[in-house]
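Summary of the model geometry
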Amino acid sequence: MDHDGKKKPARPGEVPIDRFREAGYRAVDWIGDYLEKTREYAVLPDCAEGDLLARLPEEMPEEGESFEAIEKDFRERIVPAVTHWNHPRFFAYFSITGSAPGILGELYSAALNTNGMKWASCPASVELEKRVLQWLARAVGLPGDFSGIVVDLASTATLLSLAVARERACGFRSRKEGFDAKREKLVLYTSRESHVSVEKAAIVLGLGLDAVHAVDTDDEYRLDPAALSAAIDADRAAGRKPFAVVATLGTTVTTSVDPAGAIADIARREQLWFHVDAAYAGPAAMLPEKRLLFDGWERADSIVFNPHKWLFVPIDASALFFRDPRAWRHAFSVVPDYLASDGDADDPMDYGFQLGRRFRALKLWFVLRTYGRRGLVANIRHHIALAADLAGRIDRSARWERVAPVHFSTVCFRFTGGGEGESSDRANREIFDRLNRSGIAHISRAVVGGRFVLRLTFGNLKTTGADVDEVWRALEEMAGRS
Ligand SMILES: *Cc1c(COP(=O)(O)O)cnc(C)c1O
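Residues numbered from 1 in each chain as written. Predicted model: local features only at pLDDT ≥ 70, side-chain atom pairs only at ≥ 80, totals over all residues. Heavy atoms only, no water.

**Considering the site of the ligand**
In the region of the ligand, 14 residues are neighbours, and A154, S155, D277, N306 and K309 sit closest. Within the backbone of A154, one N or O atom sits 2.8 Å away from an oxygen atom of the ligand. K309 places a side-chain nitrogen or oxygen 2.9 Å from an oxygen atom of the ligand. Here the ligand has 380 Å² of accessible area as a free molecule, and 88% of this is covered by the chains. For the shell around the ligand, the secondary-structure elements that each account for two or more residues are α6 (154-169) and α12 (307-310). Class assignment for the residues of the shell around the ligand results in four nonpolar, eight polar and two charged. (Near = heavy atom within 4 Å. Polar contact = N/O pair within 3.5 Å; in protein donor to acceptor, adjacent residues only side chain to side chain. Areas by Shrake-Rupley, 256 points an atom, 1.4 Å probe, with all protein chains shown as cover. Helix = DSSP H or I, 4+ residues; strand = E, 2+ residues; numbered from the N terminus. Nonpolar A, V, L, I, M, F, W, Y, C, P; charged D, E, K, R; others polar.)

So this is what it looks like as structure tokens:
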């Protein structure tokens, strides 16, 4: 294969740097156009399962192909099957932004291609990570004794935290002797509304799902501290050993906020590991007017939130903070000769099971510097205002109702003009299907209080009040057909 049409490459597939530059400029132009015109795409692709697969050759190419050919297929085959998470009317799951500075950070980190498993393997990666985590911790009001690492996902962060909690509960014996769930009888607590990552961690850690005690919530979907205390007492009486509690500040469906202060009191009294999952809502702690909702999280043993959810960093980047780094090293550190450091370097690989690590701090640094604290706060506030705008329309309408408080940028609601019981659920399901099929917006569904509900979140930097107008008009129209 002749890449530039003139000169024969030394080896097949060699990419002359001039070709990289040309393709790179085209890529940045494409990305620029995409960021400028994302809203011209239908949010959801018009394709059926298997459509793309059928259009992709079953065998990898024998001979290398040109960037032009690959770019053409990217535009004509891949992009049409993309769900546009970066669209201003993507309101499903958690609405997010792959911001321009974050994209640049990703680009540079791919170019450097470092593996920051230890200080010596990339000092820049390890030290920049420490600094951006410190910036983040201060920005959300955490005390200076938290340190941390950047991981891929909140699910990983919660798994690591509960692994350390389990080790501590077993006197740091289980890393050597293994873990016998039947003998240890450990039990951990979290609310019925918490994220499935807590249960998955219990599966991976060999605790088993039976070790997860789902505590009742109050009428605003918050963990009920009295129910937690009662559950602990009952479990102790039954010979089980409570060892951890996970509070969620901003639950995945209704974004309810567990009372961190009351839970911290119970955790201290009962000597439980206290983990806080603030995957989505954590960045809102940068807002003075929201700080009260987080009161008590500063007493946690470990905290996670995701800059890739509400801090405009491209997927993936999850900030994990912890109090006692020695416990983490004690739980995880295994250093083979070939990875030994001279001296006592503080190496990220000692804080978890993953060895290799991408240079995620770079994109975080690009984003935090580009927006600054003030810019981040202004944008988070804007999203909260958009949610309040939508909630207000729902509250003022006789045909819709909100089903949970709106603390942040997420609104759960339902159409009430579609009759009672199952007929009402059916009406809401139809609205959900019609709206998503329309391509105008993408929203989520959930079940709250046993009812089918619609769920809409704001988190994209390009979303405006006009987008709220448009999705509200669409919702009213879809509901009108019910
Ligand atoms: C999204 C979410 C998670 C999972 O995040 P990942 O980074 O995808 O693992 C965990 N907890 C809560 C509360 C979430 O909203």
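Read on, since the account is not over.
**Quick word on the sheet that holds strand β2 (residues 186-191)**
The strand order across the open sheet built from seven strands is β1-β7-β6-β5-β4-β2-β3, with neighbouring strands paired in mixed fashion. Both edges of this open sheet fall to β1 (147-151) and β3 (212-215), since each of them pairs with a single strand only. Geometrically, the sheet is characterised by an average inter-axis angle of 20° between neighbouring strands, direction not taken into account. Pairing analysis gives four bridges linking strand β6 (residues 302-305) to strand β7 (residues 318-322), with the strands arranged antiparallel. Of the residues in β7, the one forming a bridge with I303 is F321. (Pairing = 2+ DSSP bridges. Axes fitted to C-alpha atoms, helices over the stretch in contact; angles between N-to-C directions.)

**Regarding the pairing of strand β9 (residues 410-415)**
Taking burial as the measure, the six residues of β9 include six buried ones, the bulk of the element. Here β9 shows two buried faces, one formed by T410, C412 and R414 and the other by V411, F413 and F415. In the sheet, β9 pairs with strand β11 (residues 451-457) via four bridges, with the strands oriented antiparallel. Bridging across to β11, C412 finds its partner in R455. (Buried < 20%, exposed > 50% of the residue type's maximum accessible area, 1.4 Å probe, protein only.)

**Some words on α6**
Under the 1.5 Å per step criterion, the end-to-end length of α6 is 22 Å for 16 residues, consistent within 8% with the ideal 22 Å. Burial analysis of α6 places 13 of its 16 residues in the buried class, the great majority of the element. Of the residues flanking the end of α6, it is G171, one or two places downstream, whose phi is positive at about 60°. (Expected span 1.5 Å × (residues − 1).)

**A word on the environment of L376**
On the secondary structure map, L376 appears in helix α14 (residues 360-396). A relative accessible area of 2% places L376 in the buried class. The spacing of L376 and L311 is 65 residues in sequence and 7.2 Å in space, taken between C-alpha atoms. If near-sequence neighbours (up to four positions away) are discounted, L376 is found in contact with M286, L311, F312, V367, L368 and Y371. (Contact = heavy atoms within 4.5 Å.)

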